[in-house]
Amino acid sequence: MSHSTSEPLPDYRTQDPAVAARFAKIKERPVVLEIDRLGRQFPGEHGPVTALRDISLQIHRREFVCVIGPSGCGKSTLIRIIAGLDDPTSGRMLVDGKETSGPCPERGMVFQGYTLFPWLTVKRNVMFGLEMDGMSSAQAESEARQWIDLVGLRKFAENYPHQLSGGMKQRVAIARALAPNPRVLLMDEPFGALDAQTRAQMQSHLLEIWRNVDVTILFITHDLDEAILLADRIVVLKAHPGEIQEIIEVPVPRPRSLAQLQSPEFQATRRRLDELIHPKVHAPSDHLPIVRLTQIGDDVE
Amino acid sequence: MSRPRWFAVRQDLSPSRRRLLGVCAFLLPLLLWSIVSYVPFIWHPNIKVTDAGDVSWMRPGLQFDRHEFAKEVAAAQSAGTRPPAGIRANPIYLPAPHDVGRALYTAFTTKPVLKGDLWLHESLAMSLKTIFWGFLISSAVGVPLGILCGAFVAASRLSEPFVDFVRYMPAPAFGALMVAVFGIHLEPKVAIIVIGTFFQQVLVVANTVRKVDGGLIEAAQTLGAKRSQLVLRVLLPASLPDLYNDLRILLGWAWTYLIVAEVVGVSSGITFFINQQAKYRNFDNVYAAILIIGFIGLATDQILAFFGQRFFAWKNPRSSRLRAFITRLFSRRDQPLPEGQP
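What counts and how
Residues numbered from 1 in each chain as written. Chains lettered and ligands numbered in written order. Predicted model: local features only at pLDDT ≥ 70, side-chain atom pairs only at ≥ 80, totals over all residues. Heavy atoms only, no water. Helix = DSSP H or I, 4+ residues; strand = E, 2+ residues; numbered from the N terminus. Rg over C-alpha atoms; globule rule 2.2 N^0.38 Å. Buried < 20%, exposed > 50% of the residue type's maximum accessible area, 1.4 Å probe, protein only. Areas by Shrake-Rupley, 256 points an atom, 1.4 Å probe, with all protein chains shown as cover. Lys, Arg positive; Asp, Glu negative; His and termini not counted. Charge placed at Lys NZ, Arg CZ, Asp CG, Glu CD. Salt bridge = Lys/Arg side-chain N within 4 Å of Asp/Glu carboxyl O. Contact = heavy atoms within 4.5 Å. Buried area = accessible area lost by both parts, 1.4 Å probe. Polar contact = N/O pair within 3.5 Å; in protein donor to acceptor, adjacent residues only side chain to side chain. Nonpolar A, V, L, I, M, F, W, Y, C, P; charged D, E, K, R; others polar. Domains from an automatic or database assignment. Disulfide = S-S within 2.5 Å. 1 Å grid on protein atoms, 1.4 Å probe; cavity = no way out; pocket = protein on both sides within 12 Å on 5 of 7 lines; lining within 4 Å. Points joined across faces, edges and corners; volume = space filled by probe spheres on them. Axes fitted to C-alpha atoms, helices over the stretch in contact; angles between N-to-C directions. Parallel < 35°, antiparallel > 145°, perpendicular 65-115°, else oblique. Pairing = 2+ DSSP bridges.

S.K.: Could you clarify how one ought to interpret the overall build of chain B in this entry?
M.R.: Each helix and strand in chain B was counted, giving twelve helices and three strands. By the compact-globule yardstick of 20 Å for 342 residues, chain B is too spread out, its C-alpha radius of gyration being 29 Å. On the principal axes, the C-alpha backbone points of chain B span a range of 115 × 70 × 35 Å. Buried residues in chain B amount to 37% of all 342 residues.

Here it is as structure tokens:
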């Protein structure tokens with residue numbers, strides 16, 4: 001918190017003219033994904049439990065939207081419904097203005113657990129979606145090679161997933177999801193299982209890929225910095241029931257890099273997210289009841 | 001550095017130690033058998049007559065209980081007649097290793113005792129034929145049905161309760177019925193093996209297919225895979241290594257049912273051979289035949305395991321240490337992204 005000492009942080013809604021122009025341009029683009037009053041209830045012991053209520057959202061072409069929220073806010077349910085892996089109990093979903101439901105390659109998905117097919121090589125994994133589409137295997141192979149090049153794994157095209165590191169596996173998963181040319185790429189905490197260093201690397205990889213591909217991204221995370229670093233807009237959900245609390249336009253200019261982490265816009269957005277996600281606890285005595293268990297004379301600290 | 005312990009909880013052993021213990025696993029029982037066979041004071045409860053003396057009903061070569069024999073000797077001595085003589089011996093049903101070894105060696109060259117009896121290799125061929133057809137027919141129906149049950153809940157609910165019910169009926173109980181239906185030759189025996197393996201097979205295969213990670217199905221769905229593609233391109237390849245292992249284990253069960261199947265109708269195959277040899281009290285041949293079954297089973301299993309490792313290298317990354325090392329070397333540093341358009 002280097003900025004807390006000197007001048008006060010700007011308001012997170014204040015946008016640099018360049019950033020404001022960018023948002024104006026995004027809003028002019030056609031809406032790719034529209035969610036209209038989406039709701040999801042699960043049967044519970046004491047009547048139905050509402051996981052999501054009245055979620056409405058419009059995502060424009062080539063926009064990068066992050067969804068964050070406390071655990072139990074239903075962000076995973078939301079992305080699973082959009083992917084078609086779960087059905088909403090109310091509301092509808094439109095892709096390019098057409099109502100749709102069920103899984104479909106126009107909405108590609110990257111899962112936290114990689115879910116690569118372990119019996120297929122990297123190349124065959126990336127070819128999978130293309131072949132499902134009925135493409136001949138020669139054509140699928142040449143297209144798959146381009147996507148593998150894009151994620152920088154040319155040398156590993158003939159390797160099996162178990163021979164790759166976590167970050168490389170997730171790059172294959174991204175290439176595989178992008179290969180059938182989806183309109184929307186859904187990412188469900190894709191970097192959650194990676195160590196901090198690989199995660200930072202993957203974030204810049206993803207921004208790079210997104211710059212080179214015409215795709216709209218909906219990205220779920222619980223990491224606030226990750227959301228600010230990646231997103232144009234951040235959708236903040238609240239729990240019980242899962243509802244949209246606020247949609248924040250990130251004022252940090254692009255191109256983004258980790259160096260912006262200390263910039264005032266970044267810090268202001270970060271503080272706002274903190275307020276939303278971790279509201280002030282009312283009771284001050286929230287310390288853990290820690291009893292000193294170390295031996296007298298133990299002077300490590 | 002201290003030498004690693006032989007007994008450390010869930011720690012792997014060096015390859016040389018693994019090999020050594022594997023050899024010992026066979027040598028120790030053999031050693032035990034040898035001790036019991038060759039060291040007279042361990043067991044040897046009988047006396048084998050070498051000289052009948054004046055006891056009219058004894059014949060050289062016959063065996064008698066040690067204490068009974070001692071009584072006869074005492075009786076003969078007190079009566080003043082020539083006492084019988086003999087050496088200590090194990091019961092006839094426990095031949096010494098070298099006897100069984102010789103029987104193994106001569107098993108395929110010994111002529112059958114009766115005309116019409118089969119040679120050992122003919123008996124074995126018959127058994128293998130029974131197993132082959134039984135297991136093939138069972139698998140041809142059981143594996144596809146099991147896959148369907150694993151893939152579709154409706155198929156599972158429609159068939160598994162009944163399969164589960166029949167599974168508890170012992171296959172030998174169908175023996176008389178199968179003879180009535182199929183006659184007395186090969187067919188009822190094959191049927192017993194099918195009944196013994198099929199129902200287990202359906203349940204085992206269905207369970208294996210159900211164990212496939214649901215995430216793979218979801219991933220395939222988001223990539224546009226339809227129902228038949230999910231079964232043929234995801235469930236099947238994902239469960240294939242485990243299915244292969246299931247079949248290996250079930251083949252072992254088929255051998256168990258073989259012995260039952262072969263006494264149904266006209267006794268045949270290796271079981272018939274064993275029963276005949278036991279009747280003639282050629283127990284060394286009995287042991288030899290049982291050992292041959294063991295060897296065939298072990299060899300088949302090892303061969304199948306070897307091919308399994310080759311077929312499903314993606315499942316067993318331990319295959320080549322060199323390749324693993326090279327992979328680790330490369331994966332330590334992630335490749336940078338190239339610039340430019342896709």
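S.K.: Even after reading the chapter, I still don't get the overall build of chain A, so can you show me in this structure?
M.R.: Helix and strand content of chain A: eight helices and ten strands. In terms of its C-alpha atoms, chain A occupies a principal-axis envelope of roughly 70 × 50 × 50 Å. On chain A, roughly 14,500 Å² of surface is accessible, and the fraction owed to carbon and sulfur atoms is 51%. Distance between charge centroids for chain A: 4 Å, based on 35 positive and 39 negative side chains.

S.K.: Would you take a moment to explain the pattern of salt bridges for this structure?
M.R.: When the charged atoms of two side chains with opposite charge come close together, those side chains can pair. Residue and element names in this part refer to chain A. Applying the stated rule across the entire model yields 34 salt bridges over all chains. Notably, a salt bridge pairs Glu-63 with Arg-233, separated by 2.5 Å at the nearest N-O pair. One end of the pair, Glu-63, is in the loop between strand E2 (49–60) and strand E3 (64–68); the other, Arg-233, is in strand E9 (residues 233–238), with 170 residues separating them in the sequence. The exposure classification of Glu-63 matches that of Arg-233, with both residues buried. Two residues, Glu-246 and Arg-272, come together in a salt bridge whose shortest N-O distance is 2.5 Å. With Glu-246 in strand E10 (residues 243–249) and Arg-272 in helix H8 (residues 264–277), this pair connects stretches of sequence that are 26 residues apart. Glu-246 gets classed as buried once you look at its relative accessible area, which sits at 16%. For Arg-272, a relative accessible area of 21% corresponds to the partly exposed category. The structure contains a network of salt bridges with shared partners spanning Asp-36, Arg-37, Arg-92 and Glu-99.

S.K.: What should I look at first to understand the interface of chain A and chain B in this one?
M.R.: Many analyses report the size of an interface as the accessible area lost when the parts associate. Taken together, the contact pairs 42 residues of chain A with 31 residues of chain B. Between chain A and chain B the total buried area reaches about 3,200 Å² when both faces are included, carbon and sulfur atoms providing 63% of it. Here chain A is connected to chain B by two salt bridges. As a salt-bridge pair, Glu131(A) and Arg233(B) come within 2.7 Å of each other at their nearest N and O atoms. Where chain A touches chain B, the interface holds two residue pairs in polar contact (both at pLDDT 80 or more). For the side of chain A that touches chain B, the elements supplying multiple residues, two or more each, are helix H2 (75–83), strand E6 (107–110), helix H3 (122–132), helix H4 (137–150), helix H5 (166–178) and helix H6 (196–212) of chain A. Among the elements that make up the side of chain A that touches chain B, the one with the highest residue count is H6(A) (six residues). Its residues assigned to classes, the side of chain A that touches chain B comprises 21 nonpolar, 13 polar and eight charged.

S.K.: Just checking my understanding: could you explain the domain arrangement of chain B for this structure?
M.R.: Residues and elements named next belong to chain B. By domain assignment, chain B separates into domain 1 (15–96) and domain 2 (120–312). The centre of domain 1, based on its C-alpha atoms, is set 42 Å off from the matching centre of domain 2. Summed over both partners, the interface of domain 1 with domain 2 comes to about 460 Å²; 79% of that surface belongs to carbon and sulfur atoms. Interface area lost by domain 1 to domain 2 is led by Ile-92, Tyr-93 and Pro-95, which between them contribute 71%. The interface formed by domain 1 and domain 2 holds one residue pair in polar contact (both at pLDDT 80 or more) in total. For the side of domain 1 that touches domain 2, the per-class residue count stands at five nonpolar, no polar and no charged.

S.K.: Explanation requested: the state of the cysteines in the structure shown.
M.R.: Disulfide: a covalent bond connecting the sulfur atoms of a pair of cysteines. By the definition in use, this model includes zero disulfides over all chains. Cys66(A) takes part in no disulfide bond, and the closest cysteine sulfur to it belongs to Cys73(A), at a distance of 13 Å.

S.K.: Explanation requested: empty space enclosed by the protein in the structure shown.
M.R.: If a probe the size of a water molecule is rolled over the atoms, the empty space left behind becomes visible. Residues and elements named next belong to chain A. As enumerated under the stated definition, the model contains one cavity of 30 Å³ or more in all. Along its surface, the largest cavity is lined by Glu-189, Phe-191, Gly-192, Arg-199, Ile-220, Thr-221, His-222, Asp-223 and Glu-226. Of the residues belonging to the lining of the largest cavity, the class tally is two nonpolar, three polar and four charged.

S.K.: Before we go on, may I ask you to explain the packing of helix H1 (residues 15–38) of chain B against helix H3 (residues 97–106) of chain B in this structure?
M.R.: How two helices sit against one another is set out by the angle between their axes and by the gap between those axes. Residue and element names in this part refer to chain B. Closest axis-to-axis distance for the H1/H3 pair is 9 Å, and the angle between their directions is 115°. In terms of orientation, H1 lies roughly perpendicular with respect to H3. Touching Trp-33, Ser-34, Ser-37 and Tyr-38 of H1 are Pro-97, His-98 and Val-100, all from H3. Looking at the contact of H1 with H3 residue by residue, the classes come out as four nonpolar, three polar and no charged.

S.K.: What should I look at first to understand the environment of Glu141(A) in this one?
M.R.: All names here are of chain A. Here Glu-141 shows up in helix H4. For the pair formed by Glu-141 and Phe-23, sequence separation is 118 residues and the distance between their alpha carbons is 38 Å. With residues up to four places along the chain from it excluded, the contact list for Glu-141 reads Lys-123 and Met-127.

S.K.: Quick question: what am I supposed to make of the sheet that holds strand E1 (residues 46–51) of chain B here?
M.R.: Strand pairs in the sheet, formed through backbone hydrogen bonds, run parallel or antiparallel to each other. Residue and element names in this part refer to chain B. One open sheet holds the three strands; their spatial order is E2-E1-E3, and the pairing between them is antiparallel. If you trace the sheet from one side to the other, it starts and ends with strand E2 (63–65) and strand E3 (85–89), each paired once. Shown here is a sheet whose adjacent strand axes are inclined to one another by a mean of 40°, direction ignored. Pairing geometry for E1 and E3, over five bridges, is antiparallel. Residue Lys-48 lies in a different strand from E3, and its bridge partner there is Ile-87. Contacts from helix H2 (residues 66–79) reach E1, E2 and E3, with the element oriented near 90° to E2.

S.K.: So what exactly am I meant to see when it comes to the pairing of E2(A) here?
M.R.: Residue and element names in this part refer to chain A. Relative to E2, strand E1 (residues 31–42) runs antiparallel, the two being bridged by eight bridges. Bridge pairing in E2 links Ile-35 to Leu-57. Hairpin geometry of E1 and E2 is characterised by an intervening segment of six residues between the two adjacent antiparallel strands and by a positive phi of about 80° at Gly-47.

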